[in-house]
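The lines below spell out each chain.
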Amino acid sequence: MPCSYVAVVDGEVYGSASLVDHDMPGPPEGTETLRPWLSGVYVTPERRKTGLGPALVRAVEEAARVLGHPCLYLYTGPVTAVKFYAPMGWAEILTTQYEGSNVVVMQKELRF
Ligand SMILES: CC(C)(COP(=O)(O)OP(=O)(O)OC[C@H]1O[C@@H](n2cnc3c(N)ncnc32)[C@H](O)[C@@H]1OP(=O)(O)O)[C@@H](O)C(=O)NCCC(=O)NCCS
């Protein structure tokens with residue numbers, strides 16, 4: 001850690017996601033001791049809705065699990081929390097203001 005996964009299709013890079021110790025410098029109250037975090041999940045617009053996003057998230061979840069972490073954390077916007085992460089088993093644990101925006105902090109329990 002940190003480590004990143006990159007989605008490559010036919011030699012072209014279309015997305016990435018990372019595992020980091022903590023993703024919120026100057027962390028909001030209640031998140032200071034949480035670790036590690038899923039960070040920087042991104043898929044280029046032309047390749048969205050083809051399964052790359054969930055594949056990248058699963059790769060980082062597996063990396064955290066193999067490293068022995070019982071939980072993984074992330075922060076995101078309220079819509080992405082509901083539409084993208086909740087269907088993959090992520091649970092909201094906190095809503096807060098961060099860098100001027102409403103954000104949702106989420107947790108995924110990693111099964112051993
Ligand atoms: C979020 C992201 C990685 C999803 O990647 P993807 O490969 O398109 O993932 P999926 O195809 O599985 O999409 C899953 C669903 O989430 C929805 N979704 C994801 N982000 C959404 C958002 N911000 N608003 C509304 N719906 C969203 C997709 O529309 C899709 O819905 P559907 O299954 O009903 O069609 C991609 O949209 C992206 O890179 N967005 C910009 C960066 C970002 O928001 N990253 C997450 C920050 S933590």
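The structure displayed is predicted, hence computed values, not measured ones. Numbers given to residues run from 1 along each chain, matching the order in which its sequence is written. Totals for whole chains, interfaces and linings use every residue, but because this is a predicted model, local features are given only for residues with pLDDT of at least 70 and side-chain atom pairs only at 80 or more, for both listing and counting.

Caption draft 1: Spatial organisation of the nonpolar core. The nonpolar core criterion groups buried Ala, Val, Leu, Ile, Met, Phe, Trp, Tyr and Cys residues into a set whenever they are joined through C-beta atoms within 7 Å. Note on burial: count the other C-beta atoms lying within 10 Å of the residue's C-beta; 20 or more is buried, 12 or fewer is exposed, in between is partly exposed, and C-beta positions come from the backbone. Counting 25 residues, the largest nonpolar core has Leu38, Leu56, Val60, Tyr73 and Met106 as the members making the most contacts within it. Runs of H or I in DSSP of at least four residues are treated as helices and runs of E of at least two as strands, each being numbered from the N terminus. Counting residues per element, the ones that place at least two in this core are β2 (12-20), β3 (37-43), α1 (52-66), β4 (71-76), α2 (78-85) and β6 (101-109). In terms of residue count, the dominant contributor to this core is α1 (six residues). For every residue pair, C-beta atoms are placed from the backbone, and the pair is scored as a contact if these atoms sit within 7 Å. Setting aside chain neighbours within four positions, we find valine 60 in contact with Tyr5, Ala17, Ser18, Leu19 and Leu38.

Caption draft 2: Representation of α1 within the structure. Spanning 15 residues, α1 covers 21 Å between terminal C-alpha atoms, matching the ideal 21 Å at 1.5 Å per step. Listed as buried for α1 are Leu52, Gly53, Leu56, Val57, Val60, Glu61, Ala63 and Ala64. In this structure, the buried residues of α1 make contact with β1 (3-9), β2, β3, β4, α2 and β6. Of the residues flanking the end of α1, it is glycine 68, one or two places downstream, whose phi is positive at about 95°. Take the number of residues in a helix, subtract one, and multiply by 1.5 Å to get its expected span.

Caption draft 3: Main features of the environment of leucine 34. Note that leucine 34 resides in the loop between β2 and β3. Distance from leucine 34 to tyrosine 73, taken between C-alpha atoms, is 7.2 Å for residues 39 residues apart in sequence.

What is shown is where atoms sit, not what they do.
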